[in-house]
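# Residue-level structural notes
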Amino acid sequence: MIHSLATDIEIFKNLFSATFVDLQDYLKVFKDCGEKALTECLTVAEIESRLDKVKSDIFYISDTDDSQLLSLVEYINSKEAHFENDVPVRYDVFGYNNQAYDDMLFKAFMMYFNRFDNTKQLITKLKEVSDKIISLQDDKDAFWKDRELDLIRKYPLPWATVDLFKVYALNSAGVNIDKDTGERQKFGKSLKQVSINLKWHNLLDFKLPPIDDEEGDIYRKKDAYRGMTNEQLNHLITNDFDRYILPKYVEPMLHYNKNDVYLVCEIARQKPDEIKLRYSLGAAFNLNLLCAARSSIADKLLYKFYSERSGLHEDAFKNLRTQRTALSFKKIIFPHIKFKTKQLQDLLEEMKKVVIYRTNKDSFVREIDFYGTTYTLATGGIHTQDKPVILKSTDKYVYVHHDYTSYYPSIMISYEVVPAHLNRKVFAKMVDYFKQTRVKCKHTDDKDGFVVPGVHNKLAAEALKIVINAVYGKLGSSTFYLYDRLAQMQVTINGQLMALML
């Protein structure tokens, strides 16, 4: 049995809060809305009324109030996996970027809660950890090498984490390109931005009132702010999360925090398939995929299947790569590639003389006009340049659209296109398994049985499509064990030439 919770943390200079919402109860309360936005089914008043009925647990400690400290510790510890009447029970905690942030704060809280004389010192420490995590979020190398963060990271929490930020690839929702270096930098989507996509009824952003005398007097006790007016403090301290939370602001802050947790629940309610996919595949293949983006699912399955089929531990092949300096098309093009027309024969002979040193889209491009159609051949595939036109079938003419079934994987299987450092038979059979199983899942109704045990055939087909598409892409990834650019070019160059032979 799995109990599902959603959570979010807030941390200020003098306050630490953690809110938990029973996700299963949330889904139950809004079951009649299906997967539609709540605002499409209910009035704002009805939504608020129902939200008040959802089970939740809210904790906070401040520099002057430690009454909930041990209650929070006990609550976290109570989420340890256990047996109830011989039935295994575990807790899965959903969040937004919680694997990189909230989990780290929960771990730090559990590590440090009994190491200080008072909550003021504890909260100061937690704020330091929070600030460090945020400051290093764009420097992954420093983030992973920091000694304190590494120690905190190793602290075991009692629950399993589900990070929707990663599940839906919202950590790489867009790309910025540096004007000077041309470097591509991915950026994420904030929970506030997601709330707009969800058509959430209450778009909250936490904003404190200007610093008044009561709060200003707290700052003026410190040498750095001594003698400053409230106006000067407001100009100097612009980040609300770097301010002190007065007792009169605690309730609105907790309301804001709870609203964010509801948003986590709403993502899971409106978009459940991605979550179901990870639970199903994880159970079927004995892998933890709860925080895995689709690309990561493919990586984990490719590691697992090659390890099982080769008999090698992952460590024996994960760092293998085949490095190539020059790629000669004469070695790449299959011997059975032949054309009957002189124009295409000349093109083939010209291509056999090509040598490239990179595999980007500009390293090889050829255009050919053939029977009124312009074809473009490149490292990524073949395309035609077509004039816009509407074609309709008639009694005299029928237009048919042909599609290859897993074309690139099929080439890899049929011609044993394999990275030079891997076992040819093992790799080809692995790709063949992914292709055949995916096709079978695609064309099998659930009522006729699950092809992959425990996984709905539609979900399994979607997952395996991700994997087989990733296989080709990973041939060109220097960070993955399939890296061999010769194999990559064997797939694309021969693939388009065989298409042209038709």
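Residues numbered from 1 in each chain as written. Predicted model: local features only at pLDDT ≥ 70, side-chain atom pairs only at ≥ 80, totals over all residues. Heavy atoms only, no water.

## Some words on the overall build of the protein chain
When its secondary structure is counted, the protein chain shows 20 helices and 13 strands. Projected onto its principal axes, the C-alpha positions of the protein chain cover 90 × 55 × 55 Å. Residue burial in the protein chain is summarised as follows: out of 502 residues, 47% are buried. In the protein chain, 71 side chains carry a positive charge and 69 a negative one; their mean positions are 9 Å apart. (Helix = DSSP H or I, 4+ residues; strand = E, 2+ residues; numbered from the N terminus. Buried < 20%, exposed > 50% of the residue type's maximum accessible area, 1.4 Å probe, protein only. Lys, Arg positive; Asp, Glu negative; His and termini not counted. Charge placed at Lys NZ, Arg CZ, Asp CG, Glu CD.)

## Some points on the packing of helix H14 (residues 294-310) against helix H18 (residues 424-442)
The relative placement of two packed helices is expressed as an angle between their axes plus a distance between the axes. Packing of H14 against H18 leaves a shortest axis separation of 10 Å and a crossing angle of 130°. Compared by their axis directions, H14 and H18 come out oblique. Crossing handedness for the pair H14 and H18: right-handed. Along its contact with H14, which presents Leu-301, Leu-302, Phe-305, Tyr-306, Arg-309 and Ser-310, the element H18 presents Val-426, Phe-427, Met-430, Tyr-433 and Phe-434. Taken together, the residues of the contact of H14 with H18 sort by class into nine nonpolar, one polar and one charged. (Axes fitted to C-alpha atoms, helices over the stretch in contact; angles between N-to-C directions. Parallel < 35°, antiparallel > 145°, perpendicular 65-115°, else oblique. Left-handed = near helix turned anticlockwise from the far one by under 90°. Contact = heavy atoms within 4.5 Å. Nonpolar A, V, L, I, M, F, W, Y, C, P; charged D, E, K, R; others polar.)

## Considerations on the side chain of Glu-148
With respect to the helices and strands, Glu-148 occurs in helix H7 (residues 147-153). Assessed through its relative accessible area of 19%, Glu-148 is described here as buried. Of note is the side chain of Glu-148, whose polar atom sits 3.2 Å from the side chain of Tyr-112. Engagement of the side chain of Glu-148 in a polar contact is seen with the side chain of Lys-125, the distance being 2.7 Å. (Polar contact = N/O pair within 3.5 Å; in protein donor to acceptor, adjacent residues only side chain to side chain.)

## Examining helix H3 (residues 69-77)
Of the positions making up H3, those classed as buried are Leu-69, Leu-72, Val-73, Tyr-75 and Ile-76. When H3 is viewed along its axis, its buried side chains cluster within an angular range of 160° and face the same direction. Structural note: H3 exposes Leu-70 and Glu-74 on the side pointing more than 90 degrees away from its buried face. In this fold, the buried residues of H3 make contact with strand E1 (2-11), strand E2 (15-22), strand E3 (56-62), helix H4 (102-112) and helix H5 (119-135). (Arc of directions from axis to C-beta.)

## Thoughts on the sheet that holds strand E12 (residues 373-378)
The three strands lie next to each other as E11-E12-E13, forming an open sheet whose pairing is antiparallel. Edge positions in the sheet fall to strand E11 (365-370) and strand E13 (382-385), since each of these pairs with one other strand and no more. Adjacent strand axes in the sheet meet at a mean angle of 25° when their direction is disregarded. Note: E11 against E12, six bridges, orientation antiparallel. Across the sheet, residue Asp-369 finds its bridge partner in E12, namely Thr-374. Packed on one face of the sheet, helix H16 (residues 342-351) meets E11 and E12 and runs near 170° to E11. In the packing of helix H20 (residues 485-501) onto the sheet, contacts are made with E12 and E13, and the angle to E12 comes to roughly 160°. (Pairing = 2+ DSSP bridges.)

## What about the pattern of salt bridges?
Per the stated rule, a full pass over the model turns up 33 salt bridges. Its salt-bridge partner being Asp-131, residue Lys-127 comes within 2.8 Å of it at the nearest N-O pair. Of the two residues, Lys-127 and Asp-131 both sit in helix H5, four residues apart, roughly one turn of that helix. A relative accessible area of 35% means that Asp-131 is categorised as partly exposed. Its salt-bridge partner being Glu-349, residue Lys-352 comes within 4.0 Å of it at the nearest N-O pair. Since its relative accessible area comes to 29%, Lys-352 is described here as partly exposed. Salt bridges here are not isolated pairs; linked through shared partners, they connect Lys-125, Glu-128, Lys-132, Asp-146 and Glu-148. (Salt bridge = Lys/Arg side-chain N within 4 Å of Asp/Glu carboxyl O.)

## Points about H16
Structurally, the α-helix is built with 3.6 residues per turn, so residues lying three or four positions apart point the same way. Of all the positions in H16, only Leu-344, Leu-347, Leu-348 and Met-351 are classed as buried. Considered in projection along H16, the buried side chains sweep an arc of 100° and stay on one side of the axis.

## Side note on the side chain of Arg-485
You can see Arg-485 is positioned in helix H20. In this structure, Arg-485 is buried with no salt-bridge partner, the nearest side chain bearing the opposite charge being Asp-484 at 7.1 Å. From its side chain, Arg-485 meets the backbone oxygen of Arg-324 in a polar contact 2.6 Å long. At a separation of 3.1 Å, a polar atom in the side chain of Arg-485 contacts the main-chain carbonyl oxygen of Tyr-357. Look past the residues within four positions of Arg-485 in its chain and what remains in contact with it is Arg-324, Thr-325, Leu-327, Tyr-357, Arg-358, Thr-359 and Leu-475.

## Let's talk about the state of the cysteines
Applying the stated criterion across every chain, the model contains zero disulfides. Not part of a disulfide, Cys-291 finds its nearest cysteine sulfur in Cys-265, a span of 16 Å. Looking at Cys-291, the relative accessible area reads 14%, which means it is buried. (Disulfide = S-S within 2.5 Å.)

## Quick word on a nonpolar patch on the surface
Together, Val-389, Leu-391, Tyr-397 and Tyr-399 make up an exposed nonpolar region whose accessible area comes to about 460 Å². By the secondary structure assignment, Leu-391 is in the loop between E13 and helix H17 (407-414). When its relative accessible area of 51% is taken as the criterion, Leu-391 is described as exposed. (Patch = residues over 30% accessible without salt bridge, like charges linked within 9 Å, V, L, I, M, F, W, Y side chains within 5 Å. Areas by Shrake-Rupley, 256 points an atom, 1.4 Å probe, with all protein chains shown as cover.)

## Observations regarding the environment of Lys-440
The residue Lys-440 is located in helix H18 in this model. By relative accessible area, which is 52% here, Lys-440 ends up exposed. The sequence separation of Lys-440 and Ala-461 amounts to 21 residues, and the corresponding C-alpha distance is 8.0 Å.

Everything listed is a geometric property; what it means functionally is a separate question.
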